[in-house]
Amino acid sequence: MSASAPASAQQDYRLPTDIKPTHYDLTVWTDLENNKFEGIVHIDIHATKETAKIVLNTANLELGDVSLKSEALQDVQTASEREFDAANERGVFSFAKPLPQNAKGRLSVTFKGELTGDMLGYYRSSGGKDGELKYTLTQFEPTAARRAFPCWDEPLLKATFAVTLVSRVNSVNLSNMPAVSEEVYTPNSADKEPWIAQKLSSLPDPGQWKITRFETTPPVSTYLVAYANGPFEYLESSYKSPLSGKVRPLRIYATGDVISQAQFALDIKRMVLPLYEEVFDIEYPLPKLDTLVANDFDSGAMENWGLITGRTQAFLLDPKSADTKYKQNVAATQSHEVAHMWFGNITTMEWWDNLYLNEDKVFPEWKLDSEFLGSHFFPARALDAKLSSHPIEVECPDANMINQIFDHLSYAKAGSVLRMLASYVGEDRFLKGVSIYLKKHMYKNSVTKDLWEGIQAATDLNIPKMMDNWVKKMGYPVITVTEKEGGIHVRQDRFLETGPADPKDNETIWTVPLNLLTVGADGKPILNKQVLLDEREKFIPLDTSKPFKLNADTTGFYAVQYSADRLAKLGQQAAAPNSPFSLSDRIGLVSDALALSKAGYTSVSSALELISALRGEKECKSSPNRDPSVVRDINGCFTDLVWDAIASNLSAIVSTWWENEHVVELLNSLRRELFVPIVERLGFEYKASDPYDDVQLRTLAIEQAASAEDPWVMGELKSRFDKFLRSGDDSTIPSDLTNITFRIAVQEGGQAEWEAVKGIAAKAKNPAQGLAAMRAMGASKDLNLAENTFDFIMNEARDQDTFYYAGGLMRNPVTRRFLANKFKENFAAFQKRYAGNFGLIRWTEISFGGLSSDKDYEETAAFFKDKDTSKFDMALKQTLDTIRSRAAWVKRSTGELTQWLEKRPSVKL
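Residues numbered from 1 in each chain as written. Predicted model: local features only at pLDDT ≥ 70, side-chain atom pairs only at ≥ 80, totals over all residues. Heavy atoms only, no water.

Participant: Quick rundown of the overall build of the chain? Include the residues and the values.
Facilitator: In terms of helices and strands, the chain carries 29 helices and 31 strands. At 28 Å, the chain has a C-alpha radius of gyration in line with the 29 Å of a compact globule built from 909 residues. The principal-axis extents of the C-alpha atoms in the chain amount to approximately 90 × 70 × 60 Å. For the chain, the proportion of its 909 residues judged to be buried stands at 61%. Expressed as a percentage of contacts within the chain between residues at least 6 apart in sequence, the contacts between residues at least 24 apart total 74%. With the model as given, the accessible surface of the chain reaches about 33800 Å², and the carbon-plus-sulfur share is 49%. If the 104 positive side-chain charges of the chain are averaged to one point and the 123 negative ones to another, these points end up 2 Å apart. (Helix = DSSP H or I, 4+ residues; strand = E, 2+ residues; numbered from the N terminus. Rg over C-alpha atoms; globule rule 2.2 N^0.38 Å. Buried < 20%, exposed > 50% of the residue type's maximum accessible area, 1.4 Å probe, protein only. Contact = heavy atoms within 4.5 Å. Areas by Shrake-Rupley, 256 points an atom, 1.4 Å probe, with all protein chains shown as cover. Lys, Arg positive; Asp, Glu negative; His and termini not counted. Charge placed at Lys NZ, Arg CZ, Asp CG, Glu CD.)

Here it is as structure tokens:
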């Protein structure tokens, strides 16, 4: 529970604490042919006080016999009464004789359920070249174990699990632990579970079933239990523990048609496991670690202990045709889930308001620190700048809220503030503190203060004082810098995307590590990490005639507002040879400038002037930076990421003014002047010998030039697609250009191009190509083809993939409002399709988040006014805030933006 949650609220949505489970013997029979499962669960329980009622979680199951055995009572009782609370997903079983305090008992329940395609609980999926291979798997996070078997479905209530799976003899069974036995059922075999013999003897073909028993798990939360059944194939490897020398097997499973594309993810797992053992100073505790690749999966991936699961796009990769970004995503996903084996699985949050404690993004080894800014840090800041934001620690009154907090704040802001803390205390001491925390709470549950105590023990610093407001309060500050004689005056206020905060919204005082970078008399940078702003305002002595910057390396989760003159100087200094500013400094300057102008703190022209100052970023530079590892990617260059920040911010302006053709064309002219010369310099061809930064920058420049409708670049991409259309040979389309080539082909083409891309989306040769096709189907300017795309979404697309198609329609200005209207027209169908999972949250954000007018805000708010929005209320409020802030920006800055664009000098590169 978060500190603010009252006891009454806890009682409302938490299970009673008079009974605690200690062990589950779970047996599940899977009938894939008839899409159903049955089973029995024996749960060892401990009564903390006398009770005649047992309350647990159950949902969408048909429960059969319920009995309670207790040595204390010398009796086996059947439930005298049973009640079900559908809203809270609970079953209440009453017994004639109460279980005495401190007594142990064994609760046995039989159950039946349907294997649906809902992608939660125990569900069905299909793969193979034509979808002919049927299989099952589980997805229990956050509260869906109760859909698979009756249980105490809360993270706090850890227990050991012994899983037994009964399945067809020609299938493969998987679970968290290794199998200890597997045998074909024979009618005369003595089985310790009578239910199995009773079930199989009733079938016409009992000899066609097998029984697989798995080792017992360590204490584990229900959301991390996993099992699967189907015609899986695997690749195998192993790793040697650097702590014990023990060798553990590693496997990755998938259907046979795609297993050859799983080697890269397996290699990543093999490489990262020993590194994490060294980071945490704790050996991986289970005997094996498998990964299962699924064709239908609601989220990206899931860190089930010993059996990681995830969608094809998260783990499969064709090394011959995968683009660089896609490889990075696969590597990041696999290493992220492996990190959870410690930070989340060994030690688990006590309740879902502490979700962020199982986040591993603080470790930059697997996501370059500067790339983290664009993919996590700034998206989290954009969300946290809304009045509808929420703290990292948020009270979870019910399962609907738990699903909704899986957003950028639960993950990316949490990772960002921990990254800020690691920078302040030093990464070595930070990781030592994490290790202390993990060892102290191994196989137990944790709350925020436990992590702070671990880091405090390693640093001797008052960590709670510094961090509590960052996790318990919503929002973050903007630090306003005013230059005065002899130094600078700094002041903190809450940053809001709607402009300066009202006093009632501006009460929090954060402890802000200012990370002050100055330049000494010898011209070398000096970094002061000890300066804290823990009051509203203060004066800092320094020489303002020399370069200085707050939030060095953009490690702090806050914005910095300088005067227009100082921002211009910072831009010039950042672009200069031997600049004291790192790559992350440059990215932060650009992104802060746009965020401040969008919120009305500064002019949009000041952000564009900064971009103009940084436009000379085209060659690798050396820097006297205090830590060279901060400014370079793995090949020593950083140019592409600065350009990426420029590109993403210009694209954000274009997207906001999407209905003003004059402004869009002026912005596109600027983008063409910036990016076409880079295309001319780097060309369209990719070679194995290309430096990493050239590959990334070439792709970015081509995408930006094509998006800005440069005829030469679009013509080249269309020509390459035309050759593919005629011959079926896609070798002229480099993998890094597949996304933009497909999009331009559909955008500028007609029915033939759309049909070709649709065919790829339906049957791609690898997941990366399939993703490109799904997104491209929405790029057509023809509304008839847009209708066809939407029909495909509704009738043919996999549930897990509909968001990719919708994203293509949202990105296309011709179909953006079309998408919003179609979602409203089909709202009832979407409610039914995505009952229980994250679908409505994503569809709401995609369908309306690109709109930019007051009328759109009013119509969207009015549409949802009488709808049940309980499953996506948080996302809806945030989306409405987005529309309102975009509309305000358009009204406030159109004149100034138009004037600057019309009068700007041509870009000289």
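So, next bit.
Participant: So what's going on with the nonpolar core? Which residues, and what values?
Facilitator: By size, the foremost hydrophobic cluster in this structure holds 262 residues, and its most contacted members are Phe 149, Trp 152, Tyr 227, Trp 342 and Leu 550. Broken down by element, the residue count for this core peaks at 11 residues, all from helix H17 (residues 661-682). If near-sequence neighbours (up to four positions away) are discounted, Phe 149 is found in contact with Tyr 24, Leu 26, Asn 57, Leu 61, Phe 111, Phe 140, Phe 161 and Tyr 227. Residues Tyr 185, Leu 200, Trp 209 and Ile 211 belong to the second largest nonpolar core, which totals 10 residues. (Core = buried A, V, L, I, M, F, W, Y, C linked by side-chain atoms within 4.5 Å.)

Participant: Quick one: what's the story with the packing of aromatic side chains, residue by residue and with numbers?
Facilitator: Here a ring pair, both rings aromatic, is described through the centre-centre distance and the interplanar angle of the planes. Counting across every chain of the model gives 45 aromatic pairs. Seen from their ring centres, Tyr 276 and Trp 342 are 6.0 Å apart, and the 45° between their planes marks the pair as tilted. A residue pair is termed long-range when its members are at least 10 positions apart, and Tyr 276 in helix H3 (residues 263-280) and Trp 342 in the loop between helix H5 (324-340) and strand E21 (347-349) qualify at 66 residues. Exposure remark for Tyr 276: the relative accessible area of 2% places this residue in the buried category. (Phe/Tyr/Trp six-rings, centres within 6.5 Å; stacked < 30°, edge-to-face > 60°.)

Participant: Could you give an account of the sheet that holds strand E18 (residues 289-294), naming the residues involved and the relevant values?
Facilitator: Spatially, the five strands line up as an open sheet ordered E16-E17-E18-E20-E19, and their pairing is mixed. The open sheet is flanked by strand E16 (232-240) and strand E19 (301-302), the only strands paired with a single partner. Of the pairings in the sheet, the one linking strand E17 (residues 247-255) to E18 comprises four bridges and is parallel in character. Opposite Tyr 253, over in E18, you have Leu 292 as the bridge partner. (Pairing = 2+ DSSP bridges.)

Read these as geometric descriptors, not functional statements.
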